[in-house]
Amino acid sequence: MFVQTDNLGGNTIVAYAKAADGTLSQAGVYPTGGLGGQLAGSAVDFTASQGALAYDSGNQLLYAVNAGSNTITVFAVRGAHLTRLQTISSGGTFPVSVTLHGGQLYVLNARDGGSVQGYLRVGGLLVKIPAWHRNLGFDPNPSPEFTHTPGQIAFTPDGSKLIVTTKGAGQSVEVFPVSAFGPSREPVVTPDPGNVPFAIAFDQQQHLVIAEAGPNALATFTINRDATLSLITRTTTGQAGTCWVTVTGDKVYGSNAGSGSVSGYIDNDGGLAALGNTSTDPGTVDATASPDGGFLYVQTGRNGIVDEFAIGSNGALTSIGSVTVPGGAGGEGIAAS
């Protein structure tokens, strides 16, 4: 398990070993060689994003964004041990989210109107491809900044499209079809007015699941062949600050920063059946499940704590403990290996 601190004095990755019962124990702290950063107005998640840390299980590589120094760091992973291989420019200002598929990797930069930069992976290193840079064209001086910068970039499961959430900046979801030659010149834009699309995940049927901060809801969409989106359902959580989402098997969990809770659902072909809310430490942000789907780890940014839960066969969460991440208040980025 890896947690990114986004610490303003020096970004670090804190590694944890997972016991058989799902509890975590700290195994190491690894500087990224870059700085964390903070968007104006943010409190419990300084980057106001999801996906600031990404793990490539096939190649045992970990990718981290350094928002304060406009770089990406690549680590080799051996168990809970990390070796820093590279720190490279993010191709823009204030990187907040990273995604990968096959030999391609893309980073989302949040400031100066937002941008996307693509890379090829060569062995354990990244090579920036200048032709794979796309400006998003949002207001370079948004207010409040943390709600009006893009929130996440993610490949679709088949690697054919890149999804970008715009939050309040565009009130839309932008989709770039991707080929071996990079992303399309312009995105296909699906408006999502008033819903503040923040973070995304994909269910077992490859539907898009979006955490929408406007109505505090989880919405599911079909991704059409022409890269437009069609709404399946929108389900309000009844909580505050529903901004993050994670999926494991047929279970969906939305993180509610304002309520200090996680909302659970069973996904049935895009339909969501509520399981109820589970309390967390304050400032619930990003989360990840163990690869076997047995445990959920929830990053809470107010005090930099990761809460640990066992996932029941019915999707119910049972608390099994928590760990305090050194220097992790306000941090974003969590990944299970």
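Preceding this paragraph is the structure being described.
Just so it is clear, the structure is predicted and the values come from calculations on it, not from any experiment.

Draft legend 1. Region of interest: the sheet that holds strand β24 (residues 271–279). Taken together, the four strands give an open sheet; going across it, the order is β21-β22-β23-β24, and neighbouring strands pair in antiparallel fashion. A strand with exactly one partner marks an edge of an open sheet, and here the two such strands are β21 (242–248) and β24. With direction set aside, neighbouring strand axes in the sheet form an average angle of 25°. Two elements, strand β23 (residues 261–268) and β24, share eight bridges in a ladder whose sense is antiparallel. Paired with I266 across the two strands is A273, which belongs to β24.

Draft legend 2. Summary view of the side chain of T166. Inspection of the secondary structure assignment puts T166 in the loop between β13 (161–165) and β14 (172–179). For T166, a relative accessible area of 0% corresponds to the buried category. Within the local environment of T166, its side chain forms a polar contact with the backbone nitrogen of Q171, the two atoms lying 3.1 Å apart. A polar contact of 2.9 Å, which involves the side chain of T166, links it to the backbone oxygen of S172. If near-sequence neighbours (up to four positions away) are discounted, T166 is found in contact with F138, T149, P150, Q171, S172, E174 and P197.

Draft legend 3. Inspection of the environment of N195 at higher detail. Counting through the fold element by element, N195 comes out in the loop between β16 (188–191) and β17 (197–202). Among the residues examined, N195 registers a relative accessible area of 13% and is labelled buried. Linking N195 and P215, residues 20 residues apart in sequence, is a C-alpha distance of 6.0 Å. At a separation of 2.7 Å, a polar atom in the side chain of N195 contacts the side chain of D192.

Draft legend 4. Here's a closer look at the nonpolar core. Counting 34 residues, the largest nonpolar core has Y106 and V245 as its most contacted members. Listing elements by their share of this core, those giving two or more residues are β9 (104–109), β11 (125–135), β12 (152–155), β13, β14, β17, β18 (208–212) and β21. Excluding residues that lie within four positions of it along the chain, V245 makes contacts with Q50, A199, I200, A201, V209, A211, L218, V252, Y253 and G254.

Draft legend 5. Molecular detail of the packing of aromatic side chains. This structure, assessed with the given rule, holds three aromatic pairs. Considering the side-chain rings of Y106 and W132, the 5.9 Å spacing of their centres and the 20° angle between planes classify their relative orientation as stacked. Here Y106 is found in strand β9, whereas its partner W132 is found in strand β11, with 26 residues between them in sequence. Like Y106, the residue W132 is buried in the burial classification. When the centroid spacing of 5.7 Å and the interplanar angle of 70° are considered together, the rings of Y106 and F155 count as edge-to-face. Placement of the pair is Y106 in strand β9 and F155 in strand β12, with a sequence separation of 49 residues. As far as the burial class goes, Y106 and F155 line up, both buried. Linked through ring pairs, Y106, W132 and F155 together constitute an aromatic cluster. A cation over a ring is seen here: K167 above F198, with NZ or CZ 5.0 Å from the ring centre.

Draft legend 6. How the structure looks around the sheet that holds strand β19 (residues 217–223). The four strands are arranged β17-β18-β19-β20 in an open sheet whose pairing can be described as antiparallel. Two strands lie at the open edges of the sheet, namely β17 and β20 (229–236), each paired on one side alone. Between one strand axis and the next, the sheet turns through 25° on average, direction left out of account. Where β18 meets β19, five bridges bridge the pair, whose relative direction is antiparallel. Counterpart to I210 in the pairing with β19 is A219.

Draft legend 7. Highlighting the environment of T235. Looking at the element boundaries, T235 is found in strand β20. When sequence neighbours within four positions are dropped, the list of residues in contact with T235 reads N216, A217, L218, Y265 and L272.

Draft legend 8. Region of interest: a nonpolar patch on the surface. Side chains of L120, V122 and V127 sit close together on the surface and give an oily, nonpolar patch of about 220 Å² of accessible area. Note that V127 resides in strand β11.

Draft legend 9. Geometry of the pattern of salt bridges. Within this structure, the stated rule accounts for four salt bridges. Salt-bridge contacts for R234 lead to D192; the nearest nitrogen and oxygen are separated by 3.2 Å. Taken together, the positions of R234 in strand β20 and D192 in the loop between β16 and β17 put the pair 42 residues apart, joining distant regions of the chain. Relative accessible area serves as the criterion here: at 32%, R234 is assigned to the partly exposed category. For D192, a relative accessible area of 5% corresponds to the buried category. Notably, a salt bridge pairs R234 with E212, separated by 2.6 Å at the nearest N-O pair. You can see R234 sitting in strand β20 and its partner E212 sitting in strand β18, a full 22 residues away along the chain.

Cut-off values and rules
Residues numbered from 1 in each chain as written. Predicted model: local features only at pLDDT ≥ 70, side-chain atom pairs only at ≥ 80, totals over all residues. Heavy atoms only, no water. Pairing = 2+ DSSP bridges. Helix = DSSP H or I, 4+ residues; strand = E, 2+ residues; numbered from the N terminus. Axes fitted to C-alpha atoms, helices over the stretch in contact; angles between N-to-C directions. Buried < 20%, exposed > 50% of the residue type's maximum accessible area, 1.4 Å probe, protein only. Polar contact = N/O pair within 3.5 Å; in protein donor to acceptor, adjacent residues only side chain to side chain. Contact = heavy atoms within 4.5 Å. Core = buried A, V, L, I, M, F, W, Y, C linked by side-chain atoms within 4.5 Å. Phe/Tyr/Trp six-rings, centres within 6.5 Å; stacked < 30°, edge-to-face > 60°. Lys NZ or Arg CZ within 6 Å of the ring centre and 35° of its normal. Patch = residues over 30% accessible without salt bridge, like charges linked within 9 Å, V, L, I, M, F, W, Y side chains within 5 Å. Areas by Shrake-Rupley, 256 points an atom, 1.4 Å probe, with all protein chains shown as cover. Salt bridge = Lys/Arg side-chain N within 4 Å of Asp/Glu carboxyl O.

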